[in-house]
Amino acid sequence: MSGSGTTAGEDPLQTAVWRLRSRGCWTDAAALLTPHATAPAPALQRASLLVERCLFTGGGWPEAEDALRSAEATAREDDERGAAACERGHLAYASTVLGVRDRADEARAALGRAAALLGPAAPGRALLDFRRGLIAEHLSDSPQSARAAYRRAHAAATANGETLLLSFTWRHLAGLALREGELAEARHGFGESLRIREELGYLVGTAPALAALADAEPEPEATRLRAEAGRLFRLLGGVPTWLAAQLAPPAPAV
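Residues numbered from 1 in each chain as written. Predicted model: local features only at pLDDT ≥ 70, side-chain atom pairs only at ≥ 80, totals over all residues. Heavy atoms only, no water.

Caption draft 1: Seen up close, the overall build of the protein. Each helix and strand in the protein was counted, giving 13 helices and 0 strands. Listed N to C, the secondary structure of the protein is α-α-α-α-α-α-α-α-α-α-α-α-α in terms of helices and strands. Taking 2.2 N^0.38 as the reference for a compact globule, 254 residues should give roughly 18 Å; the C-alpha atoms of the protein span a radius of gyration of 18 Å, in line with that estimate. Viewed in the frame of its principal axes, the protein has a C-alpha envelope of about 60 × 40 × 35 Å. Considering the protein as a whole, with its 254 residues, one finds that 49% of them fall into the buried category. Nonlocal contacts in the protein, meaning residues at least 24 apart in sequence, comprise 55% of its contacts between residues at least 6 apart. Only carbon and sulfur atoms are counted for the fraction: they give 56% of the accessible area of the protein, which is about 11600 Å². (Helix = DSSP H or I, 4+ residues; strand = E, 2+ residues; numbered from the N terminus. Rg over C-alpha atoms; globule rule 2.2 N^0.38 Å. Buried < 20%, exposed > 50% of the residue type's maximum accessible area, 1.4 Å probe, protein only. Contact = heavy atoms within 4.5 Å. Areas by Shrake-Rupley, 256 points an atom, 1.4 Å probe, with all protein chains shown as cover.)

Here it is in structure tokens:
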């Protein structure tokens, strides 16, 4: 789902879905796909939108589960089954990382199934590698494994023109660099992630990109970036919800 975004060559339905998704209107975007969701690709895309809504808002879990079951039921080929398993793993990851319910074992098992079903050159392989990196970093606390997975995803996304996914791999590789005190590398990665999201018009992902870059910049630039992130965060009604704590002003000294 974190693929290329939209291009002028896409059909009107995909352009409309992208415009809604990029502004955090996942339910409306999924509704556009509902009439087509008896086929594997639209069913999977619809499920992906609703899974993404869970990660950004912390809500909508039953709807995402229902859509995912439908996508799993319509899948016929190994690539389709693998892509559905990748979404299953991502939903379980989101539930775990947001503290809704610990589904870490389910996340690992689902991504393992996806890896067995998706060939090395399958369209969903880059996204799978990225999500395996998320598991390694945030659930297994294994930054070295995460970096290797993010780099595989980054290389494949570059080769396949998956521009939006590149914004995610840049950001997470930069986060690992920041964790290790590599400020120049972190600034570059966060800056590339922000540039891509602004160019694609991925508004719902721009505030997190601004806040991430702020963590690697000195003052007063850091404060300016956080203020801009806060403006977008409020404009979108407090989405993504997990950004609220990062944007909260520091407590006054006592």
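Caption draft 2: Spotlight on helix H10 (residues 183-200). Helix length check: H10 (18 residues) gives 26 Å between terminal C-alpha atoms against 26 Å at 1.5 Å per residue, within 8%. Taken as a whole, H10 has its buried residues at Ala186, Gly189, Phe190, Glu192, Ser193, Leu194, Ile196, Arg197 and Leu200. Elements in contact with the buried residues of H10: helix H1 (12-22), helix H9 (163-179) and helix H11 (206-216). (Expected span 1.5 Å × (residues − 1).)

Caption draft 3: Quick look at the packing of aromatic side chains. Under the defined criterion, the tally for this structure stands at 6 aromatic pairs. Between Trp26 and Phe56, the aromatic rings sit 5.3 Å apart at their centres with planes inclined by 45°, giving tilted as the arrangement. Of this pair, Trp26 sits in helix H2 (residues 26-33) while Phe56 sits in helix H3 (residues 40-57), and the two are 30 residues apart along the sequence. With respect to class, Trp26 is no different from Phe56; both count as buried. In this arrangement the basic side chain of Arg197 is found over the ring face of Phe168, its NZ or CZ atom lying 4.4 Å from the centre. (Phe/Tyr/Trp six-rings, centres within 6.5 Å; stacked < 30°, edge-to-face > 60°. Lys NZ or Arg CZ within 6 Å of the ring centre and 35° of its normal.)

Caption draft 4: Spotlight on the packing of helix H7 (residues 125-139) against helix H8 (residues 143-160). One can describe the packing of H7 onto H8 by two numbers: an axis separation of 8 Å at closest approach and a directional angle of 160°. Taken together, the axes of H7 and H8 are roughly antiparallel relative to one another. When you trace H7 past H8, the crossing you get is left-handed. Counted together, Ala126, Asp129, Phe130, Arg132, Gly133, Leu134, Ala136 and Glu137 of H7 and Ser145, Ala146, Ala149, Tyr150, Arg152, Ala153, Ala156 and Ala157 of H8 form the full contact between these two elements. Across the contact of H7 with H8, the residue classes tally to 10 nonpolar, 2 polar and 4 charged. (Axes fitted to C-alpha atoms, helices over the stretch in contact; angles between N-to-C directions. Parallel < 35°, antiparallel > 145°, perpendicular 65-115°, else oblique. Left-handed = near helix turned anticlockwise from the far one by under 90°. Nonpolar A, V, L, I, M, F, W, Y, C, P; charged D, E, K, R; others polar.)

Caption draft 5: Region of interest: the packing of H1 against H3. Running from amino to carboxyl end, H1 crosses H3 at an angle of 10°, the nearest separation of the two axes being 12 Å. By the criterion of interaxial angle, the relationship of H1 to H3 is roughly parallel. In contact with Gln14, Val17 and Arg21 of H1, H3 contributes Gln45, Leu49 and Glu52. In terms of residue class, the contact of H1 with H3 is built from 2 nonpolar, 2 polar and 2 charged.

Caption draft 6: Here's a closer look at unusual backbone geometry. Cis geometry is found at the peptide bond from Glu219 to Pro220, where omega equals 5°. For the peptide bond that leads from Val239 to Pro240, omega is -5°, which places it in the cis range. Among the structural elements, Pro240 can be located in the loop between helix H12 (221-235) and helix H13 (244-247). With a phi close to 50°, Asp141 is a non-glycine residue in the positive phi region. Judged by relative accessible area, which is 54%, Asp141 ranks as exposed.

Caption draft 7: Broad picture of the pattern of salt bridges. Scanning the entire structure with this criterion turns up 20 salt bridges. A salt bridge links Asp129 to Arg152; the shortest N-O distance between them is 3.7 Å. A residue pair is termed long-range when its members are at least 10 positions apart, and Asp129 in helix H7 and Arg152 in helix H8 qualify at 23 residues. We classify Asp129 as buried; its relative accessible area is 7%. In this structure Arg152 comes out as partly exposed when scored by relative accessible area, which is 43%. Salt bridges sharing partners connect three or more residues here, namely Glu65, Glu72, Arg88, Arg103 and Glu106. (Salt bridge = Lys/Arg side-chain N within 4 Å of Asp/Glu carboxyl O.)

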